[in-house]
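# Survey of secondary and tertiary structure
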Amino acid sequence: MFEIGARVRTREKRRDGHTRLPKYLERRSGCVVRVLGCFRFADDAAAGGGKAPEQMLYTVEFEQGGHRVCADLFESYLEVDT
Amino acid sequence: MSAHVHDHESSARISQRVKALIAKLETQGLTSERDLDASVESFLSKARPENGYRVVARAWTDPQFKQRLLDDANAAVEELGIDLSHWAPVRLRVVENTSEIHNMIVCTLCSCYPIALLGPSPSWYKSEAYRARAVSEPRAVLREFVVDIPQDKRIVVWDSTAEARYMVLPQRPPDTQGMTESELASLVTRNGLIGTALV
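Worth saying up front: this structure is predicted, and the values here are computed from it rather than measured.

Now for the nonpolar core. Counting 61 residues, the largest nonpolar core has A:Leu73, B:Val56, B:Val106 and B:Val157 as its most contacted members. With 6 residues, the single largest contributor to this core is helix H3 (residues 49-61) of chain B. Each residue touching B:Val106, except ones within four places of it in the same chain, is listed here: B:Tyr130, B:Arg131, B:Ala134, B:Val135, B:Val157 and B:Asp159.

What follows is the structure, given as structure tokens:
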């Protein structure tokens, strides 16, 4: 669980197949700006015929060279940024 | 050019697969092409950009509504009788342009878009060029839309990667104090709600 303001770092894509973690946001540091709640984990849902456990979903903000990008990322894409 | 050819090939492949799926559903007696058409038509007849224009005009004239819209857009939009039920469980979020921040919407992974509020998306929104460049060089993209954002104004790009759909709340234009809500709604454009126009 992350709270608003938490510094997080994105992981690399876990495996081949569907993901909602865009390539350009892999291994990037950002900040949680909104907690969206629990949603079916899209990567597993795509791989498992629609069945998948839920995960927390967060809006994470990244500095991107002179502007900012916000993306909605599942808990398992994120780790604490140390 | 090669991306364009690729788009055609993949859309031909998708439409073949959709036809096969519909045929299978019909054989099983689960639906018919006519029922499907009726369902799509009924959704699209309500999914119009005028919905978005009304939401913006209300937010410009009612500060409490605006606050509710920014806090919980699904609930605020339903107050105006706009039906998002076809759309569940998607979460709607409205992001506000201010004198310090300009917001812009994209879906880099595919083409997620708040159809219920804005109608079907324009073709440029789905193009590979917009999807790639909106996150890497938004200022240059905006200049091509003849929108010049000053360097001291921050640009925030919202990449609709998962369960939320985004709409921009543009700044109310100056010298519009005497205007009614419906006059204000007529000033708003679809691109203004995506962030590729100022209003």
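That shown, we press on.
Looking now at helix H2 (residues 33-46) of chain B. Over its 14 residues, H2(B) runs 20 Å from end to end, which matches the ideal 20 Å to within 8%, given 1.5 Å per residue. Burial analysis of H2(B) places just 0 of its 14 residues in the buried class, a small minority of the element.

Structurally, the position occupied by B:Ser136 is in helix H8 (residues 128-136). In this structure the C-alpha to C-alpha distance between B:Ser136 and B:Cys112, which are 24 residues apart in sequence, comes to 18 Å.

What follows covers the domain arrangement of chain B. We note that the domain assignment places domain 1 (2-43) and domain 2 (47-194) within chain B. When each unit is reduced to the centre of its C-alpha atoms, the spacing between domain 1 of chain B and domain 2 of chain B is 29 Å.

Here we come to the pairing of strand E3 (residues 54-63) of chain A. Residues and elements named next belong to chain A. Two elements, strand E2 (residues 29-40) and E3, share 8 bridges in a ladder whose sense is antiparallel. Within E3, the residue paired with Arg34 across the bridge is Thr59. When E3 meets strand E4 (residues 68-74), the two strands line up antiparallel, connected through 7 bridges. Pairing of Glu63 across the sheet is with Arg68, part of E4. Here E3 folds back onto E4 in antiparallel fashion, the turn holding 4 residues, of which Gly65 has a positive phi close to 60 degrees.

Residues and elements named next belong to chain B. Of note, Thr189 is situated in the loop between helix H10 (181-185) and helix H11 (190-194). With 140 residues separating them along the chain, Thr189 and Pro49 place their C-alpha atoms 8.1 Å apart. Sequence-distant contacts of Thr189, that is, excluding residues within four places in its chain, are made with Ala197 and Val199.

With that settled, consider the interface of chain B and chain A. Between chain B and chain A, the contact holds 15 residues from the first and 16 residues from the second. Broken down by element, the residue count for the side of chain B that touches chain A peaks at 6 residues, all from strand E3 (residues 154-159) of chain B. Pairing of E4(A) with E3(B) involves 4 bridges; the strand directions are parallel. Residue pairing for E3(B): A:Cys70 is matched across the bridge by B:Trp158.

Reading guide: rules and limits
- Residues numbered from 1 in each chain as written.
- Chains lettered and ligands numbered in written order.
- Predicted model: local features only at pLDDT ≥ 70, side-chain atom pairs only at ≥ 80, totals over all residues.
- Core = buried A, V, L, I, M, F, W, Y, C linked by C-beta atoms within 7 Å.
- Buried ≥ 20, exposed ≤ 12 C-beta atoms within 10 Å, placed from the backbone.
- Helix = DSSP H or I, 4+ residues; strand = E, 2+ residues; numbered from the N terminus.
- Contact = placed C-beta atoms within 7 Å.
- Expected span 1.5 Å × (residues − 1).
- Domains from an automatic or database assignment.
- Pairing = 2+ DSSP bridges.

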